[in-house]
Amino acid sequence: MSEEMVNPQETTVVRGLEGVVAAETDISFVDGVHGDLYYKGYNIHEIADNTISYVEIVYLLLNGDLPTREQLDHLRRAIVTEMRVPTQVIKMMEIMPPSSHPMDVLRTAVSALSHFDPDAFDNSLEANRRKGIRLIAQIPTLVTSLYRIRNNLSILSPDPQLNMAQNILYMFHGSIPDERFYRAMDLLLLLHADHGLNASTFSARVTASTHADMHSAVTSALATLKGPLHGGANERVMKMLMKIKFIEEVEEYIHSMLAQGQRVMGFGHRVYKKEDPRARHLRTISEELCRLNENEQFFEIAHKIEDIVLKAKGIYPNVDFYSAIVQHALGIPPEFYTTLFAASRISGWVSHILDQYANNRLIRPTSKYTGEYNRKFVPIEERTIEPAVS
Ligand code: COA
């Protein structure tokens, strides 16, 4: 071991890599101290209040600047053209057991897409950008097609006249949504597009750092997003809300969860020590949608949970809490919530994978060994089972 090398045996392990700076990026910044989020320098509030549509943000993340009208139209057309997915992949989704979770099917389907990608064997920058745009276009189609398969409905092709948010709702439900609903879907998509070095993005970057291909990196990211401590939280939020029928039950339900040491899904964050800035926008829009759907009680229950958890634990809601209510109001079933998160975060993953390829160094941390040294080999005939210590 050279003198400059750090001996892991003499260092303190940072559990969960909290606070470890593992990459440089100008794609997004999660400012946990001030409770702010920036995409390419734009504060998320500026984006949420002014953005025309999610694809504008896709352009920003991939290119660094907001598009002109012409550039936006060009990207929109490119994405709509790439939304078709190979019939073989649709067939694969059809033969998956109906009991399998949509996130598992999506992970398998994205991995399968790699076999049919026209750029499969090309790892050049141009090919990776094309693959990235194709995935940004295809994941929403996989999600909505799976929903239609699960509900014995015919799969719908995207309408080239519609934007991404409208198309997603159209391909789910078969009708062109009211403006207030597709605007909510747009907001949902653009607020989930990127979030610093979150767990799934880190997974994507680790895989890309080995020079593995774009589809492999995205498959890693999807597998990581699924967990309930990350993207899988939104589905659990709705399951909790569905169990609480009346506002009078909230207090007891939440206090008993906390007393048992359980986590309230959709609360807490590794980086934000103040409110997650995305929750503010989703809270407002979920209240509006609940009112439109004449389901105000649902919003009131959620708001009460927020008050109780804040008072009891000093913890704020994160993006997943109110996103669950927005998705419910848009008629999306809970088991599909995380797949829609993926349908947006794919734009961040692709941007980070391209960033990793452009400035690559293999991501390979080390660990502190806590095992024994120089144990004596015992031939198999002489091995015995140690009696369990009671
Ligand atoms: N409900 C109740 N308590 C929570 C909590 C939650 N959702 N999130 C954190 N806490 C508590 C922990 O129990 C711990 O308390 P303690 O110090 O008394 O033991 C403290 O807050 C710190 O939690 P910790 O697990 O160290 O934070 P973390 O940074 O490792 O975890 C999350 C961050 C997001 C994994 C965590 O907040 C969580 O599990 N949230 C619920 C899942 C979720 O919504 N995930 C989506 C994230 S965007």
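Every chain is numbered independently, its residues counted from 1 as its sequence is written. A pLDDT threshold of at least 70 governs which residues receive local features in this predicted model, and a stricter bar of 80 or more applies before side-chain atom pairs are shown or counted, although totals over entire chains, interfaces and linings include all residues. Hydrogen atoms and water are omitted, and side-chain values are computed over all heavy atoms in the structure.

Engineer: Sorry if this is basic, but what is going on with the site of the ligand here?
Structural biologist: Near the ligand you find 18 residues, and of these Arg263, Val264, Gly266, Phe267 and Arg270 are the closest. At 2.8 Å, a backbone N or O of Gly266 approaches an oxygen atom of the ligand. Under the convention used here, a 1.4 Å probe and the Shrake-Rupley method define accessible areas, while residue burial counts only the protein chains that appear. Compared with its free state, where it exposes 860 Å², the ligand has 66% of that area covered by protein. Amino acids are sorted into nonpolar (Ala, Val, Leu, Ile, Met, Phe, Trp, Tyr, Cys and Pro), charged (Asp, Glu, Lys and Arg) and polar (every other residue, Gly among them). For the shell around the ligand, the per-class residue count stands at eight nonpolar, six polar and four charged. One heavy atom within 4 Å of a molecule or strand makes the whole residue count as near it. Here a polar contact is recorded for every N or O atom pair within 3.5 Å, except that within protein the pair must consist of a potential hydrogen donor and a potential acceptor, and residues adjacent in sequence are included only if both atoms are side-chain atoms.

Engineer: Would you mind showing me how to read the sheet that holds strand β2 (residues 36-39) here?
Structural biologist: Strand pairing in a sheet takes place through backbone hydrogen bonds and is either antiparallel or parallel in direction. Pairing between strands requires that DSSP locate at least two bridges from one strand to the other. Each helix is a run of H or I in the DSSP string that is no shorter than four residues. Each strand is a run of E no shorter than two, and both are numbered from the N terminus. Pairing in this open sheet of three strands is antiparallel, and the strands run β1-β2-β3 from one edge to the other. Edge strands, defined here as strands with exactly one partner in the open sheet, are β1 (28-31) and β3 (42-43). Pairing geometry for β1 and β2, over four bridges, is antiparallel. When the bridges of β2 are listed, Ser28 appears paired with Tyr39.

Engineer: Would you explain the nonpolar core in this entry?
Structural biologist: Soluble globular proteins tend to bury their nonpolar side chains together. Put simply, buried Ala, Val, Leu, Ile, Met, Phe, Trp, Tyr and Cys residues joined by side-chain atoms within 4.5 Å make one nonpolar core. Exposed residues in this analysis have more than 50% of their type's maximum accessible area, buried residues have under 20%, and partly exposed residues fall in between, with area computed by a 1.4 Å probe over protein chains only. One finds Ile79, Met185, Val218, Ile254 and Ile305 to be the most contacted residues of the largest nonpolar core, which totals 114 residues. The element best represented in this core is helix α16 (residues 337-358), accounting for eleven residues.

Engineer: I tried to follow a negative patch on the surface on my own but got confused; where do I start?
Structural biologist: Two joining distances apply to patches: 9 Å for like charges and 5 Å for nonpolar side chains (Val, Leu, Ile, Met, Phe, Trp, Tyr), and every residue must have over 30% relative accessible area and no salt bridge. Within this document, salt bridges are pairs made up of a side-chain nitrogen of Lys or Arg and a carboxyl oxygen of Asp or Glu, the two lying within 4 Å of each other. Positive charges come from Lys and Arg, negative ones from Asp and Glu, while His and the chain ends are left out of the count. Where a charge sits is defined by one atom per residue type, namely NZ (Lys), CZ (Arg), CG (Asp) or CD (Glu). Judged by side-chain charge, Glu287, Glu288, Glu294, Glu296 and Glu300 come together as a negatively charged surface patch. Elements with a contribution of two residues or more to the negative patch: α13 (277-292) and α14 (296-313). Inspection of the secondary structure assignment puts Glu300 in helix α14.

Engineer: How do you make sense of the packing of helix α10 (residues 214-225) against α16 when you look at a structure like this?
Structural biologist: In a packed pair of helices, the relevant descriptors are the angle between the two axes and the axis-to-axis distance. Only C-alpha atoms enter the line fits that serve as axes; for helices the fit covers just the stretch in contact. Angles between N-to-C directions range over 0 to 180 degrees. For the pair α10 and α16, the least separation of the axes is 10 Å and the interaxial angle reads 135°. On the basis of the axis angle, α10 is oblique to α16. The handedness of the crossing between α10 and α16 comes out as right-handed. Every residue of α16 that contacts α10 at Met214, Ala217, Val218, Ala221, Leu222 and Leu225 is listed here: Thr338, Phe341, Ala342, Ile346, Trp349, Val350, Ile353, Leu354 and Tyr357. Its residues placed into classes, the contact of α10 with α16 shows 14 nonpolar, one polar and no charged. An angle below 35 degrees is read as roughly parallel, one above 145 as roughly antiparallel, one from 65 to 115 as roughly perpendicular, and any other as oblique. The handedness criterion is simple: a crossing whose near helix is rotated anticlockwise from the far helix by less than a right angle is left-handed, and one whose near helix is rotated clockwise is right-handed. Only heavy atoms matter for contacts: two residues are in contact if any of them lie within 4.5 Å across the pair.

Engineer: Would you mind showing me how to read the pairing of β2 here?
Structural biologist: Within a regular beta strand, the side chains point alternately toward one face of the sheet and then the other, so they alternate between its two faces. Hairpin connection of β1 to β2: four residues between the antiparallel strands, including Gly35 at a positive phi of 70°. Where β2 meets β3, two bridges bridge the pair, whose relative direction is antiparallel. Among the inter-strand pairings, Tyr39 is bridged to a residue of β3, identified as Tyr42. What sits between the antiparallel neighbours β2 and β3 is a turn of two residues, in which Lys40 has the positive phi angle 45°.

Engineer: Sorry if this is basic, but what is going on with the side chain of Arg278 here?
Structural biologist: Along the chain, Arg278 turns up in helix α13. Within the local environment of Arg278, its side chain forms a polar contact with the side chain of Asp276, the two groups lying 2.7 Å apart. Sequence-distant contacts of Arg278, defined by excluding residues within four places in its chain, comprise Leu37, Leu191, His195, His269, Tyr272, Val319 and Arg345.

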